[in-house]
Amino acid sequence: MPKKNPRPQDDQPELPLGSDAVPAASDPKVKASGAKAESKVPPKSEESAVVPAAADPATPATPAEAPAPRPRVGKVQDEPAPLARSYRSWFLEYASYVILDRAVPHLDDGLKPVQRRILHTLWDMDDGRFHKVANVVGRTMSLHPHGDASIGAALVAIGQRAFLIEPQGNFGNSLTGDDAAAPRYIEARLTGLAKEVLFNPKTTTWQLSYDGRAREPVTLPAKFPIVLLEGAEGIAVGLATKILPHNFNDLCRAAINHLQGKTFRIYPDFPSGGIADFSEYNDGERGGKVKVRARIEVRSKQLLAITELPYGMTTESLIESILAANAKGKIKVRHVDDNTADKVEILVHLPQGADPEQVTQQLYVFTGCQQNLSPAACVIVTDEKTGEERPEFLGTREILKRSVDRTRELLKQELEIRLGELEQQWHWDSLERIFIEERIYRRIEKSKTWESVLEEIREGLKPFVKNLRREVTDDDITRLTEIRIKRISAYNRFQADEQIKRIEEDIRETKANLRNLTAFAVAWFEMLQDKYGKGLKRRTEYDEIEQINAAEVVSVNQRLYVNREDGFIGLNWRQHEFVQECTILDSALTLMRDGSLKVSKVADKVFMGRDIIHCAVLPKDGDTNFYTMVYQDKESGKAFAKRFQIGGLSRDKLYPLVKSEGSKVIYLEVSRSEKDMPKKLTIFIDGRSGARVRELEFDLTPLPVSHRAAKGVTVTKWQVKEVKRADLALR
């Protein structure tokens, strides 16, 4: 065979990382690579010029300097590489961005950034009328740098709940899973609740948008626990959040109880209704679990109606799970009709003779009619000392407490701002009244300069300053000069007095509210409940849900068949040997001629092993049968007899019942009890073996019942042809 031509060594040799070993300069590989590298680098000066590669080959080449080895360091991120600063903290920055700016809601307003920007845009566009969703999405993109798809999906999701955004048009159906119409065909605007509890520019902290062209709120001044009302779900880097939605009136009552110092408990309320078990809810923290069931009504012996869905399921996904369970034989139904519109109605038609109660239990076990939810309430909180934001896992009660406390502080800020505005208005109205009633404006008729005008007004106000609540500033005097003659001529003293009295009454009321801030906050939540909570009853009923044993409710509606020669078992094969009826949850036990045993779950077609000599359905409480077996050992050539029970088994694992591989089972009998086991066997020796006695009886009475792995006792050293039960006639 001709030798292959050696590969030209043109590449620079690799150097060991973090090692002091450097190839010698005399190495031809290093010389060649060094010469090639030098030929490609242009000379920087005459002194550092490099001899061209086409120089006389007889001239010895200058040894190329090997690159300095990379210093050994502890971590890759700590290497003194030129790009080290670029990748040293890149993953941490990315993870922080996804957690803080995309996937997890903020505790202060309960919103993710995309939701906050949508609501702010709607408030900025608000004129009382509906706006095309396409226009809203376009305006929001000036604040949100992630494209229109995420904005549109988030807007539709908020609109389907209808607490903060009022939808108009086809916004899809959260019950059926139908998608919304295109954004150009649907419209939206803010609800009254959103305007009342989310927006106040005077108490909002602002920041520049991502491109610096606009400003947006850091968080909205929400005066309600929005995150518990709407619920939230998001997957970030290294953590996920899942906050279940709650009932509006329940949250209002819980907030009032917290403000009054009472204990409270809140449970989720799902928009799709259903029956829920909150015994393991764990206040919505990690590790908790909620079982949710669909509501199923028995309307007749052949008809079931599903009228409420478990949270997270749609009618489409639920019907698919029912049809899939029916196709696998776990349940038996004739057909399913979906009549869902505003309310859920899925009709499940049963076959003749079916038990509706049993089918109901089967629907809970084998379909999506029962779901297990795992809440993990994670929100972004702001550190009061450092001002840094970080994710934190909290319980739903703690979230509500912090939200209500923040609402109380926001109400205090609004009252303080309101008090300052009222006092400023009282001051201006009082100055205006003095300016007009005392005819101070006449003093400026002969003034020729602006400074003299201001001085005349200041002198005219001096006798009345003692009746004011603060000093008169230059701005106050300038404002007096802007009063028009028309207003002075139409001035009504009685109306001015009434206006000042109303302002003074508002000031007293505001100060009283500040002194009784807790009562004012309680009144705030009572007002919200009276105004927006009418008709918002709980949809989810909470009750203890018992665990259903699937083995107890599954129907025996399958037929197990076996193909002994090829080694397959399967369900509903009519062309092969019938074994027995079974359920879809059963397991089949088979023994093969080579002395192996295997257990597998029944299915359409399962390979167990060639030449099956015994096949049966494994009982749920284990196999209690007694086995008598005679086998010819491959290694020693002897025949052994054993009596045994199988014991515990694992699925899809091959268990040997014989001493050595290649042995052959000659006789096998399965008995229900020990007394039914054979006492004597008739052994027929192969005529070609050379044995003198070709038929003998073997007494099994002294042989104890042992484990499946037992070797057994020797029957004969000769090749056995056949084994029969000797005590069959006496049995």
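Bear in mind the structure is a predicted one, so any value in this text is a computation, not a measurement.

Take the overall build of the chain next. Scanning the chain from terminus to terminus reveals 18 helices and 33 strands. Relative to its 731 residues, the chain shows a buried fraction of 42%. Across the chain, the fraction of contacts at a sequence separation of at least 24, relative to all contacts at a separation of at least 6, is 66%. As displayed, the chain offers around 41600 Å² of accessible surface, 48% of which is attributable to carbon and sulfur atoms.

Once that is clear, we can look at the side chain of Asp686. Relative to the helices and strands, Asp686 resides in the loop between strand 29 (680–685) and strand 30 (695–699). Discounting residues that sit within four places of it in the chain, Asp686 has contacts with Gln719, Val720 and Lys721.

Taken in spatial order, the 4 strands line up as 24-21-22-27 in an open sheet, and their pairing is antiparallel. The outermost strands of the open sheet, each flanked by one partner alone, are strand 24 (612–618) and strand 27 (654–656). Pairwise comparison of adjacent strand axes, ignoring direction, gives a mean angle of 20° for this sheet. In this structure, strand 21 (residues 587–592) lies alongside strand 22 (residues 596–601), joined through 5 bridges in antiparallel fashion.

Turning next to helix 3 (residues 90–103). Helical periodicity: at 3.6 residues per turn, an α-helix aligns residues three or four positions apart in one direction. Between its terminal C-alpha atoms helix 3 stretches 18 Å, which fits the 20 Å expected from 14 residues at 1.5 Å a residue. Listed in full, the buried residues belonging to helix 3 are Ala95, Val98, Ile99 and Ala103. Considering only its buried residues, helix 3 is in contact with strand 6 (232–235), strand 7 (240–243), strand 15 (378–382) and strand 16 (389–393).

The predicted model of the chain averages 86 in pLDDT, with 87% of residues at 70 or higher. Per-element averaging of pLDDT across the chain places helix 1 (residues 28–40) at the bottom with 40 and strand 3 (residues 187–190) at the top with 97. In the predicted structure, residues 6–61 sits below a pLDDT of 50 and forms 30 contacts with residues beyond four places in sequence or in another chain.

Under the definition given, this model contains 41 salt bridges. For Arg408, the salt bridge identified is with Glu409, shortest N-O distance 4.0 Å. Relative accessible area serves as the criterion here: at 25%, Arg408 is assigned to the partly exposed category. You can call Glu409 partly exposed: its relative accessible area is 39%.

Under the 1.5 Å per step criterion, the end-to-end length of helix 10 (residues 315–327) is 18 Å for 13 residues, consistent within 8% with the ideal 18 Å. Taken together, the buried positions of helix 10 are occupied by Thr315, Leu318, Ile319, Ser321, Ile322, Ala325 and Asn326. Along the long axis of helix 10, the arc covered by the buried residues comes to 155°, so they all point the same way. Where helix 10 terminates, the next one or two residues include Gly329, which has phi positive at roughly 85°.

This brings us to the side chain of Thr407. With respect to the helices and strands, the residue Thr407 is situated in helix 12 (residues 396–437). Those residues in contact with Thr407, other than ones at most four positions away along the chain, are Ala222, Lys223, Phe224, Trp524 and Phe525.

This brings us to the nonpolar core. Grouped together as the largest cluster of nonpolar side chains are 58 residues, with contacts concentrated most on Leu119, Leu198, Phe224 and Phe525. Take this core: its biggest share by element is 7 residues, from helix 9 (residues 248–259). The residues touching Phe525, leaving out its near neighbours within four places in the chain, are Lys223, Phe224, Pro225, Cys252, Ala255, Ile256, Leu259, Val404 and Thr407. Counting residues in each nonpolar core, the second largest holds 40 residues, with Ile306, Leu350, Ile569 and Val602 among its members.

This next bit is on the sheet that holds strand 33 (residues 720–725). As a general point, the strands of a sheet are linked pairwise by backbone hydrogen bonds and lie either parallel or antiparallel. On the basis of which strands lie adjacent, the open sheet formed by 3 strands has the order 30-29-33 and antiparallel pairing. Pairing within the sheet leaves two strands with one partner each, and these edge strands are strand 30 and strand 33. Neighbour-to-neighbour, the strand axes of this sheet turn through a mean angle of 25°, independent of strand direction. In this structure, strand 29 lies alongside strand 30, joined through 5 bridges in antiparallel fashion. Looking across to strand 30, one finds that Ile683 is bridged to Leu696.

On the surface, a cluster of negative charge is made up of Asp178, Asp179, Glu316 and Glu320. Within the secondary structure, Glu316 sits in helix 10. On the basis of relative accessibility, which here comes to 46%, the residue Glu316 falls in the partly exposed class.

A few words now on a positive patch on the surface. Together, Lys638, Lys659, Lys711 and Lys717 make up a region of like positive charge exposed at the surface. Mapped onto the secondary structure, Lys638 falls in the loop between strand 25 (626–632) and strand 26 (639–645).

Two descriptors summarise a pair of aromatic rings, namely the distance from one centre to the other and the angle between the planes of the rings. Enumeration over the complete set of coordinates arrives at 15 aromatic pairs. Arranged with centres 6.2 Å apart and planes meeting at 45°, the rings of Phe224 and Phe525 form a pair that is tilted. Here the residue Phe224 occupies a position in the loop between strand 5 (215–219) and helix 8 (226–230), and Phe525 occupies one in helix 17 (residues 517–532), the gap between them amounting to 301 residues. The pair formed by Phe224 and Phe525 is uniform in burial state, with each residue classed as buried.

As a further point, take the packing of helix 9 against helix 17. Two elements in contact, helix 9 and helix 17, have axes whose closest approach is 9 Å; the angle formed by their N-to-C orientations is 165°. Comparing the axis directions of helix 9 and helix 17 gives the class roughly antiparallel. Crossing geometry of helix 9 relative to helix 17 is assigned as left-handed. Residues Phe248, Asn249, Cys252, Arg253, Ala255, Ile256 and Leu259 of helix 9 touch helix 17, and the partners they reach there are Thr518, Ala521, Val522, Phe525, Glu526, Leu528, Gln529 and Tyr532. Taken together, the residues of the contact of helix 9 with helix 17 break down into 10 nonpolar, 3 polar and 2 charged.

Positive phi values are uncommon outside glycine, yet Arg439 reaches one of about 55°. Turning to its location among the elements, Arg439 is positioned in the loop between helix 12 and helix 13 (450–461). Phi angles above zero are rare outside glycine, and Asn572 is one such case at about 60°. Topologically, Asn572 is positioned in the loop between strand 19 (568–571) and strand 20 (577–582).

Within the secondary structure, Gly353 is located in the loop between strand 13 (346–349) and helix 11 (356–366). Residue Gly353 is classed as exposed on the basis of its relative accessible area, which comes to 72%. The sequence separation of Gly353 and Lys301 amounts to 52 residues, and the corresponding C-alpha distance is 8.1 Å.

Turning to the packing of helix 4 (residues 113–125) against helix 6 (residues 148–161), a few remarks are in order. In contact at an axis separation of 10 Å, helix 4 and helix 6 are set at 75° when each is read in the N-to-C sense. Between helix 4 and helix 6, the crossing angle belongs to the class labelled roughly perpendicular. Only Ser150, Ile151, Ala154, Leu155 and Ile158 of helix 6 make contact with helix 4, whose side of the interface consists of Val114, Gln115 and Ile118.

Definitions and limits used
Residues numbered from 1 in each chain as written. Predicted model: local features only at pLDDT ≥ 70, side-chain atom pairs only at ≥ 80, totals over all residues. Heavy atoms only, no water. Helix = DSSP H or I, 4+ residues; strand = E, 2+ residues; numbered from the N terminus. Buried < 20%, exposed > 50% of the residue type's maximum accessible area, 1.4 Å probe, protein only. Contact = heavy atoms within 4.5 Å. Areas by Shrake-Rupley, 256 points an atom, 1.4 Å probe, with all protein chains shown as cover. Pairing = 2+ DSSP bridges. Axes fitted to C-alpha atoms, helices over the stretch in contact; angles between N-to-C directions. Expected span 1.5 Å × (residues − 1). pLDDT = per-residue confidence, 0-100. Salt bridge = Lys/Arg side-chain N within 4 Å of Asp/Glu carboxyl O. Arc of directions from axis to C-beta. Core = buried A, V, L, I, M, F, W, Y, C linked by side-chain atoms within 4.5 Å. Patch = residues over 30% accessible without salt bridge, like charges linked within 9 Å, V, L, I, M, F, W, Y side chains within 5 Å. Lys, Arg positive; Asp, Glu negative; His and termini not counted. Charge placed at Lys NZ, Arg CZ, Asp CG, Glu CD. Phe/Tyr/Trp six-rings, centres within 6.5 Å; stacked < 30°, edge-to-face > 60°. Parallel < 35°, antiparallel > 145°, perpendicular 65-115°, else oblique. Left-handed = near helix turned anticlockwise from the far one by under 90°. Nonpolar A, V, L, I, M, F, W, Y, C, P; charged D, E, K, R; others polar.

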